[in-house]
Amino acid sequence: MISKLFYFLCLCGLLFVVSATAKAGNGFQEDSTMHYLEQGRIEKSKGRKLESLKQFEKAYEYDSTHTEVITELATTYYELRKYAKSKDMHAKLIKAGKADVSHYKQAFQLAFNLKQFDEALQYANALKKIAPDEPIAFMVGQIYHKKGNFGESIKYFNQAIKEEPKNAEAPYLIARAYTDMMNYKNAIPYFKQAIELDATKAHWVYELGLVYYAMNDDKNSLTYLLLAGERGVRKDNTYMENLAIAYLNTGKLNEGVGILKEALERRPSDQNLLNMLAEAYYDKGKYAEAMEYWDRMLEYDKQNASALYMIGMCYQKQGDKQKGQRLCDKAIEINPGLASLKNKKELPAM
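Computed from a prediction, not measured in an experiment: that's the story for all the values here.

(A) Examining the UniProt feature "repeat: TPR" (unreviewed entry) in the protein more closely. The UniProt record marks residues 134-167, 168-201, 271-304 and 305-338 with the feature "repeat: TPR" (unreviewed entry), using the residue numbering of this structure. The span residues 168-201 is 76% helical and 0% strand by assignment, and the distance between its end C-alpha atoms comes to 10 Å. Taken end to end, residues 271-304 has its terminal C-alpha atoms 10 Å apart, with 79% of it in helix and 0% in strand.

Okay, here's the thing in structure tokens:
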């Protein structure tokens, strides 16, 4: 009887000790968490972000569920450009049901910046449920644009135009989406809307000029290429050649060949420039000038059958049909494919 009573009392004492130790342990853990949290905030108030991060991370080691600690870590990681870790802390708050709108917004933004687009869309959908008026359509549109889903991107960019009427990027990206789908007609009004909202984007104006060129609208193509130049687009070789073509296509021979000749001074053996000049003169009936440039092409490549063929055509246009036909026949011997052009008006491919 005594031994049983003794065993019972010992057991109760042991349970009391265990319980007291657990309570003491929990108290120690909580005290340590709060200690390092406060130390981190003190360091942060002094502008010592790295030191504050060390303290917050120690607090997190003691309690990885503490909302204030996680919030401080999310902010500090972001300030120190540790974006992936910052996003993870915001995600932890969201998963625990302890996040507000700001946490959803930050998680969405960070996932977007980290190019984790599927995750970003999840945060966007969740954010819209708790904050329906939050203007995030533009970023969602960008995600779908980057994923190549132009249908969804256009839908969200149109919504973004309503949310942010002064955001020129939204109509511009709609224009680009239509352009990528070769739907040039629908792209044009959005290009115009974009360049009206932001007159500093010279390359947008340039792109509009190229869209008009693709649509064979030479007049508008020239108009917007010139406007792009006025607004400061880089006048590199590609731009100048496109401008020259626009001049030539609108019948402005002198302006077009003037640009091409300037380019030829810098690149005297450029076969494309020589051919463009020859074709420009040929189209205007200036056969002697055209032959001059096709002759120069032959100087660099004596087996250039297309240039030889066109010289023969120039002679025929000038009335020397016999010599011209002889040269054309010689060109066909070099490249039998040119025989199909005998009874056609188009120029051979160079």
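(B) Molecular detail of the packing of aromatic side chains. Overall, the coordinates contain 13 aromatic pairs when judged by the stated rule. Ring geometry for Y172 against F191: centres 6.1 Å apart, planes inclined by 65°, an arrangement best described as edge-to-face. In this pair, Y172 is assigned in helix α9 (residues 169-180) and F191 in helix α10 (residues 184-197), connecting sequence segments 19 residues apart. Exposure class is identical for Y172 and F191. Each is buried. On the basis of an interplanar angle of 10° and a centroid distance of 4.3 Å, the ring pair of Y172 and W204 is categorised as stacked. With Y172 in helix α9 and W204 in helix α11 (residues 202-214), this pair connects stretches of sequence that are 32 residues apart.

(C) How the structure looks around the confidence of the model for the protein. Residues of the protein with pLDDT of at least 70 account for 89%, and the chain-wide mean is 90. Predicted confidence for residues 5-25 stays below pLDDT 50, and this span has 0 contacts to residues more than four positions away or in other chains.

(D) Structural view of the nonpolar core. Counting 94 residues, the largest nonpolar core has F108, V140, L243, Y282, W294 and Y309 as the members making the most contacts within it. In this structure, A59, A74, M89 and L93 belong to the second largest nonpolar core, which totals 11 residues.

(E) Structural detail: a negative patch on the surface. Among the surface-exposed residues, E289, E292, D295 and E299 lie close enough to one another that they form a single negatively charged patch. Relative to the assigned elements, E289 resides in helix α16 (residues 287-300). Accessibility expressed as a relative area gives 31% for E289, which makes it partly exposed.

(F) Examining the pattern of salt bridges more closely. Scanning the model with the defined rule gives 17 salt bridges in all. Between E207 and R176 there is a salt bridge, with the nearest N and O atoms lying 3.6 Å from each other. Linking E207 in helix α11 with R176 in helix α9, this pair joins segments that are 31 residues apart in sequence. Here the residues in one salt-bridge network are E38, R41, K44, E68 and E72, joined through shared partners.

(G) Structural context of helix α7 (residues 137-146). When you tally the buried positions in α7, you get 9 out of 10 residues, the bulk of the element. For α7, the set of buried residues is A137, F138, M139, V140, G141, Q142, I143, Y144 and H145. Looking at the buried residues of α7, the elements they touch are α5 (101-113), α6 (117-130), α8 (150-163) and α9. Trailing α7 by a residue or two, G148 shows a phi angle of about 80°, which is positive.

(H) Molecular detail of helix α17 (residues 305-317). Here α17 spans 18 Å end to end across 13 residues, near enough to the 18 Å set by a 1.5 Å rise per residue. For α17, the buried fraction is high: 11 of the 13 residues fall into the buried class. Looking only at α17, the buried set comprises A305, S306, A307, L308, Y309, M310, I311, G312, M313, C314 and Q316. As for α17, its buried residues are in contact with α15 (271-283), α16 and α18 (321-334). G319 sits one or two residues past α17 and shows a positive phi near 105°.

(I) Representation of the environment of Y144. On the secondary structure map, Y144 appears in helix α7. Overall, Y144 belongs to the buried group, its relative accessible area being 17%. In sequence terms Y144 and I154 are 10 residues apart; their C-alpha atoms lie 8.7 Å from each other. When sequence neighbours within four positions are dropped, the list of residues in contact with Y144 reads L121, N149, E152, S153 and Y156.

What counts as what
Residues numbered from 1 in each chain as written. Predicted model: local features only at pLDDT ≥ 70, side-chain atom pairs only at ≥ 80, totals over all residues. Heavy atoms only, no water. UniProt positions renumbered as here; feature names shortened; annotations may be inferred. Helix = DSSP H or I, 4+ residues; strand = E, 2+ residues; numbered from the N terminus. Phe/Tyr/Trp six-rings, centres within 6.5 Å; stacked < 30°, edge-to-face > 60°. Buried < 20%, exposed > 50% of the residue type's maximum accessible area, 1.4 Å probe, protein only. pLDDT = per-residue confidence, 0-100. Contact = heavy atoms within 4.5 Å. Core = buried A, V, L, I, M, F, W, Y, C linked by side-chain atoms within 4.5 Å. Patch = residues over 30% accessible without salt bridge, like charges linked within 9 Å, V, L, I, M, F, W, Y side chains within 5 Å. Areas by Shrake-Rupley, 256 points an atom, 1.4 Å probe, with all protein chains shown as cover. Salt bridge = Lys/Arg side-chain N within 4 Å of Asp/Glu carboxyl O. Lys, Arg positive; Asp, Glu negative; His and termini not counted. Charge placed at Lys NZ, Arg CZ, Asp CG, Glu CD. Expected span 1.5 Å × (residues − 1).

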